[in-house]
Amino acid sequence: PPSPIKPLKGGLKGDNLPHCQSLKGEDRGPGRPPDKQVLRDGTDPLPLSSSDTCSEGVSPLPLLLPPWTCECAEAQRDLKGEDCFDSRRLVWGGEEVVVMLVADGHGGGEASRHCRDHLLDCYLASAAGDPSAPSLLRAGVAACERMHEEVVGMTTAGSTITIVALNLARLELSVCNLGDSEAWLVPRSGSPSRLTEDHRLDSSEPERQRVRGMGGHLAHAKNRAGDPAGPLRLWPGGVAQARSVGDADVGRFILPTPYVRTVPVPAAGCEVVVASDGIWDAIYPSMVAATLRGMRHQPALLAASAVVDRAVSQRHAYDCDGYLKPRDDTTCLLMRISGGATKAGRGGGGGGGG
């Protein structure tokens with residue numbers, strides 16, 4: 001069964017804010033004139049201009065949309081103990097920020113465990129209380145490069161890094177990544193879109209050119225018969241991606257500077273999946289999107305677990321040996337982002353498109 005899920009603390013509750021109510025003369029409270037508005041907590045809203053009154057003489061109410069919220073969940077099937085994750089929820093200057101991290105280790109779990117224990121602390125310290133996108137991107141670069149310096153001094157293991165930070169006040173997603181642990185945005189309808197950059201040597205021509213330009217040697221490993229097998233790798237070290245934290249035996253060819261970008265949250269809301277290659281090597285992003293949309297009215301924890309279950313099942317589609325055992329560490333972190341017009345239009349809990 002899935003390993004225990006650690007829930008995020010905090011969260012926003014949209015039904016705790018006061019709602020605006022228009023009062024006609026016969027329904028008004030004691031001592032209140034018939035043309036005034038009140039909120040449920042008894043306070044008056046901002047005054048309206050004469051041009052804002054409706055034809056019946058009753059002032060219209062300002063529209064108070066529900067606030068944007070982020071429901072988070074984490075699910076994992078462990079095989080080698082090399083997938084690690086962390087998450088935080090905090091408020092800086094009145095702006096709520098949710099941060100998720102996936103670190104997928106290779107050559108052992110020392111690097112990914114070190115990143116799980118220290119990277120987000122370094123990331124938040126580098127941001128220094130500034131929740132703007134430029135600050136979060138700079139913090140991601142600084143944190144990854146610092147983790148690299150620390151890891152190469154303690155082990156030859158390496159780790160991918162993917163950080164996604166959501167600013168709920170500005171509706172921005174700030175992304176930093178090294179390696180092949182991908183993040184994808186799943187809109188309420190339409191095709192999912194990749195948030196990260198692929199750094200596998202097999203599929204990234206820019207990384208192949210960079211490594212070859214530095215004098216690095218790229219080749220496939222050989223099987224027992226002496227034939228090339230598996231993905232394209234960088235030697236010495238034999239790593240399959242050109243950007244990571246650690247990999248001391250690869251030397252200067254490994255780049256610890258992450259790809260960074262910021263994207264807006266879609267107006268209709270979305271889901272963001274941050275996952276290790278145990279997910280993406282098993283199922284297409286379109287299958288992940290279909291799974292999440294089918295679980296839209298279920299808790300986020302069940303949706304994240306369903307993605308993990310589908311990935312594990314897909315890897316056993318033609319081989320039922322050890323059916324419930326993953327072929328690789330398989331980790332899925334989920335942000336379910338909704339609010340504003342998305343919530344207002346649900347009509348008692350109904351769901352959106354897709």
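Residues numbered from 1 in each chain as written. Predicted model: local features only at pLDDT ≥ 70, side-chain atom pairs only at ≥ 80, totals over all residues. Heavy atoms only, no water.

**Section: the side chain of D329**
In plain terms, the rule: In DSSP terms, a helix is any run of H or I states spanning at least four residues, a strand is any run of E spanning at least two, and both are numbered starting from the N terminus. Three labels apply to residues, based on accessible area from a 1.4 Å probe with only protein chains included: buried if under 20% of the type maximum, exposed if over 50%, partly exposed otherwise in between. Only four residue types enter the charge count: Lys and Arg as positive, Asp and Glu as negative, with His and the chain ends excluded. Salt bridge, as used here: a side-chain nitrogen of Lys or Arg that lies within 4 Å of a carboxyl oxygen of Asp or Glu. Residues adjacent in sequence count toward polar contacts only when both atoms are side-chain atoms; beyond that, a polar contact is any pair of N or O atoms within 3.5 Å, and within protein one must be able to donate a hydrogen and the other to accept it. Between two residues, a contact is recorded if the distance between any of their heavy atoms is within 4.5 Å.
Here D329 is to be found in the loop between α6 (300-315) and β16 (330-338). Of the side chains bearing the opposite charge, K80 lies closest to the buried D329, which forms no salt bridge; the N-O distance is 5.3 Å. Only 3.3 Å separates the side chain of D329 from the backbone nitrogen of G81, close enough to count as a polar contact. With residues up to four places along the chain from it excluded, the contact list for D329 reads R77, D78, L79, K80, G81, E82, D83, S276 and G278.

**Here we look at the pairing of strand β9 (residues 183-187)**
Defined as follows: Here a strand pair is declared whenever DSSP counts at least two bridges between the two strands.
When you tally the buried positions in β9, you get 5 out of 5 residues, the bulk of the element. Residue alternation in β9 divides its side chains into two sets, A183, L185 and P187 and W184 and V186, and both sets are buried. Across 5 bridges, β9 lies against strand β15 (residues 270-275) in antiparallel orientation. Within the sheet, the bridge partner assigned to W184 lies in β15 and is V273. The hairpin formed by β9 and strand β10 (residues 193-194) contains 5 residues between the paired strands, and G190 there has a positive phi angle of roughly 95 degrees.

**Describing the confidence of the model for the protein**
Basically, it comes down to this: Values of pLDDT, ranging from 0 to 100, describe the predictor's confidence in every residue of the model.
For the protein, per-residue confidence averages 83 on the pLDDT scale, and residues scoring 70 or more make up 74% of the total. Every residue in residues 4-55 scores below 50 in pLDDT, and together they form 72 contacts with partners more than four places removed in sequence or on other chains. Confidence over residues 344-354 falls short of pLDDT 50; this stretch has 16 contacts with residues more than four positions distant or in other chains.

**As for the environment of P256**
Summarising the element assignment, P256 is placed in the loop between β13 (245-246) and β14 (259-264). For the pair P256 and H148, spaced 108 residues apart in the sequence, the C-alpha separation amounts to 6.4 Å. The residues contacting P256, other than those within four sequence positions of it, are C144, E145, H148, L178 and S244.

**Concerning the sheet that holds strand β3 (residues 69-77)**
To be explicit about the condition: Every axis corresponds to a line fitted to the C-alpha atoms, with the helix fit spanning only the stretch in contact, and the corresponding angles, defined between N-to-C directions, vary from 0 to 180 degrees.
Strand order in the open sheet formed by 5 strands is β3-β16-β15-β9-β10, with antiparallel pairing between adjacent strands. Taken across any chain shown, the strands that pair with only one partner, and hence form the sheet edges, are β3 and β10. When β3 meets β16, the two strands line up antiparallel, connected through 9 bridges. Across the sheet, residue Q76 finds its bridge partner in β16, namely T331. Sitting on the sheet, helix α5 (residues 285-294) touches β9, β15 and β16, and the angle it makes with β9 is about 50 degrees. Packed on one face of the sheet, α6 meets β3 and β16 and runs near 35 degrees to β3.

**Looking at the pairing of strand β7 (residues 161-167)**
In terms of burial, β7 is a largely internal element, 7 of the 7 residues being buried. Neither face of β7 is exposed, since I161, I163, A165 and N167 on one face and T162, V164 and L166 on the opposite face are all buried. Bridging between strand β5 (residues 95-106) and β7 involves 6 bridges; their strand directions are antiparallel. Paired with V97 across the strands is N167, a residue of β7. Two strands pair when backbone bridges link them, and β7 and strand β8 (residues 172-178) are joined in this way by 7 bridges, in the antiparallel orientation. Its bridge partner being in β8, I161 is matched across the sheet by L178. Linkage of β7 to β8, two consecutive antiparallel strands, is achieved through a turn of 4 residues, within which L171 is found at a positive phi near 55 degrees.

**Concerning the nonpolar core**
Under the convention used in this document: To qualify as a nonpolar core, a set must consist of buried Ala, Val, Leu, Ile, Met, Phe, Trp, Tyr and Cys residues joined through side-chain atoms within 4.5 Å.
Counting 28 residues, the largest nonpolar core has V99, C115, L119, Y123, I161, I163 and V245 as its most contacted members. When residues of this core are assigned to their parent elements, the largest contribution, 8 residues, is made by helix α1 (residues 110-127). Filtering out sequence-adjacent residues up to four positions away, I161 remains in contact with L101, V102, A103, C115, L119, C144, C176, N177, L178 and V245.

**Some details on the environment of S159**
Residue position: S159 is located in strand β6 (residues 158-159). Residues S159 and E82 lie 77 residues apart in sequence; the distance between their C-alpha atoms is 8.6 Å. When residues no more than four places from it in sequence are discounted, the contact partners of S159 are A103, D104, G105, H106, A111, S112, S244 and V245.

**So, the pattern of salt bridges**
Following the criterion strictly, the structure yields 19 salt bridges and no others. For D309, the salt bridge identified is with R77, shortest N-O distance 2.7 Å. In this pair, D309 is assigned in helix α6 and R77 in strand β3, connecting sequence segments 232 residues apart. With relative accessibility at 11%, the residue R77 sits in the buried group. A salt bridge links R200 to D277; the nearest nitrogen and oxygen atoms lie 3.5 Å apart. Pair noted here: R200 is in the loop between β10 and α3 (205-213) and D277 is in helix α4 (residues 277-280), with a separation of 77 residues, a long-range link. Residue class for R200 comes out partly exposed when judged on its relative accessible area of 24%. A single network of salt bridges, built from pairs that share partners, joins D180, R200, D277 and D281.

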